[in-house]
Amino acid sequence: MSALTQDQVDAFAARMDDAQQRAQAVPMLTAETAFSVQDGYRVQRAGIALRKLRGDDLVGMKMGLTSLAKMKQMNVNDPIYGHLTRAMLLDDGGHVKRSVHVHPRVEPEIVFLLGRDLEGPVTPAQALLAVDGVCCALELIDSRYQDFKFTLPDVVADNASSSRFVLGSTVKPRTFDTANLGMVMEKNGVLAECGSSAAILEHPARSLAAMANQLAPHGEKLRAGMIFLSGGATAAIPLAPGDHVRLRVEDLGRVDLFCD
Ligand code: OOG
Ligand code: MG
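Residues numbered from 1 in each chain as written. Chains lettered and ligands numbered in written order. Predicted model: local features only at pLDDT ≥ 70, side-chain atom pairs only at ≥ 80, totals over all residues. Heavy atoms only, no water.

1. Quick word on the coordination of the magnesium ion (ligand 2)
Stated precisely, the cut-off is as follows: Donor atoms are limited to N, O and S found within 2.8 Å of the metal ion, a distance that becomes 3.2 Å for Na, K and Ca. With water left out, some sites might look partial. Each helix corresponds to a stretch of at least 4 residues labelled H or I by DSSP, and each strand to a stretch of at least 2 residues labelled E; elements are numbered beginning at the N terminus. To sort residues, take the accessible area from a 1.4 Å probe on protein chains only and compare it with the maximum for the residue type: under 20% means buried, over 50% means exposed, and anything in between is partly exposed.
Protein coordination at the magnesium ion (ligand 2) comes from Glu 107 (OE), Glu 109 (OE) and Glu 139 (OE), with a distance range of 2.0 Å. Here the donor residues of the magnesium ion (ligand 2) are spaced in sequence according to E-x1-E-x29-E. Taken together, the positions of Glu 107 in strand 5 (residues 105-114) and Glu 139 in strand 6 (residues 131-141) put the pair 32 residues apart, joining distant regions of the chain. We note that Glu 107, like Glu 139, is buried.

Below is the structure:
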């Protein structure tokens, strides 16, 4: 498999960007041309550059497929990362439109708010020293691929299915222990998924360190002020018009999302 040319990277990024803007699913890119995970990240970065050209900017990063539940649901076994932009950030209790999505799903997350730059290589303990606060979040993912099915390079090229995220309003300091927090996600008042933050690579701090360590070879780092989503602790649940999803996390309060 040879590396994608820059023209191929740009064309794939434009196709995924268009699919996202029109909420139209497309066939997997690898069905047309096989490419590596590394090239998937080239497509992802080119896609973020297109959003920046439209005036959007980077506010954070996320890891995905960091829990067994997520890996099993998506049939992909390696953690990946994606970029979070300002346009993806919703207010707590905010509303999203079903019509601007292909097939939205929601998942429960633990979030680190960075007070300092964080550059890999680091251990989880060192990574925590860059954290200023901890909160919970709901992430709305929306694969731009048909039937929400993809290979690892495809989902990387699609910015790890990122669409929107909403942060809880309870913020705890760095010293707050995230190792094993109960997490309960309800849809329309009924339990949908529950689990523990321990499902996230055994400790969400490991996801933060993995993020910094994956950026380092690119000469990139997490920056002070960034928001970091450590990955869904349970499987993601589908979202339909009229749905109200609430996440409650032990000692981190709750966060709500509504679908119109
Ligand atoms: C990929 C995105 C995964 C997570 O938290 O695991 C993700 C997907 O499931 O479509 O954001
Ligand atoms: Mg996620």
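Following the structure, the description resumes.
2. Here we look at the layout of surface pockets
Which entries qualify depends on this criterion: Grid points spaced at 1 Å over the protein atoms alone were grouped into cavities, where a 1.4 Å probe fits but cannot get out, and pockets, open sets with protein on both sides within 12 Å along at least five of seven lines, with lining residues defined by an atom within 4 Å of a point. Grid points are joined across faces, edges and corners, and a volume is the space filled by probe spheres set on the points. Polar here means any residue other than Ala, Val, Leu, Ile, Met, Phe, Trp, Tyr, Cys and Pro, which are nonpolar, and Asp, Glu, Lys and Arg, which are charged; Gly is therefore polar.
The volume enclosed by the largest pocket comes to roughly 270 Å³. Every residue lining the largest pocket is counted, 17 residues in all, and those nearest its centre are Gln 20, Gln 21, Arg 51, Ala 87 and Arg 164. Those elements giving two or more residues to the lining of the largest pocket turn out to be helix 1 (6-22) and strand 7 (162-167). Of the residues belonging to the lining of the largest pocket, the class tally is 4 nonpolar, 6 polar and 7 charged. Its boundaries defined by the atoms lining it, the second largest pocket holds a volume of some 200 Å³.

3. Quick look at the confidence of the model for the chain
Just so we agree on the cut-off: A residue's pLDDT is the predictor's confidence in that residue, given on a scale from 0 to 100.
Residues with a pLDDT of 70 or more make up 100% of the chain, whose mean pLDDT is 98. In the model of the chain, helix 3 (residues 68-74) stands out as the element of lowest mean pLDDT, 96, in contrast to strand 11 (residues 227-229), which has the highest, 99.

4. Quick word on the state of the cysteines
Each disulfide is one covalent bond, formed between the sulfur atoms of two cysteines. Operational definition: When the sulfur atoms of two cysteines come within 2.5 Å, that pair is taken as a disulfide.
Per the stated rule, a full pass over the model turns up 0 disulfides. Here Cys 135 is not cross-linked by a disulfide; its sulfur's nearest cysteine counterpart is in Cys 136, at 6.4 Å. Cys 135 sits in the buried class, given a relative accessible area of 1%. Note on Cys 259: no disulfide assigned, nearest cysteine sulfur contributed by Cys 136 at a separation of 19 Å.

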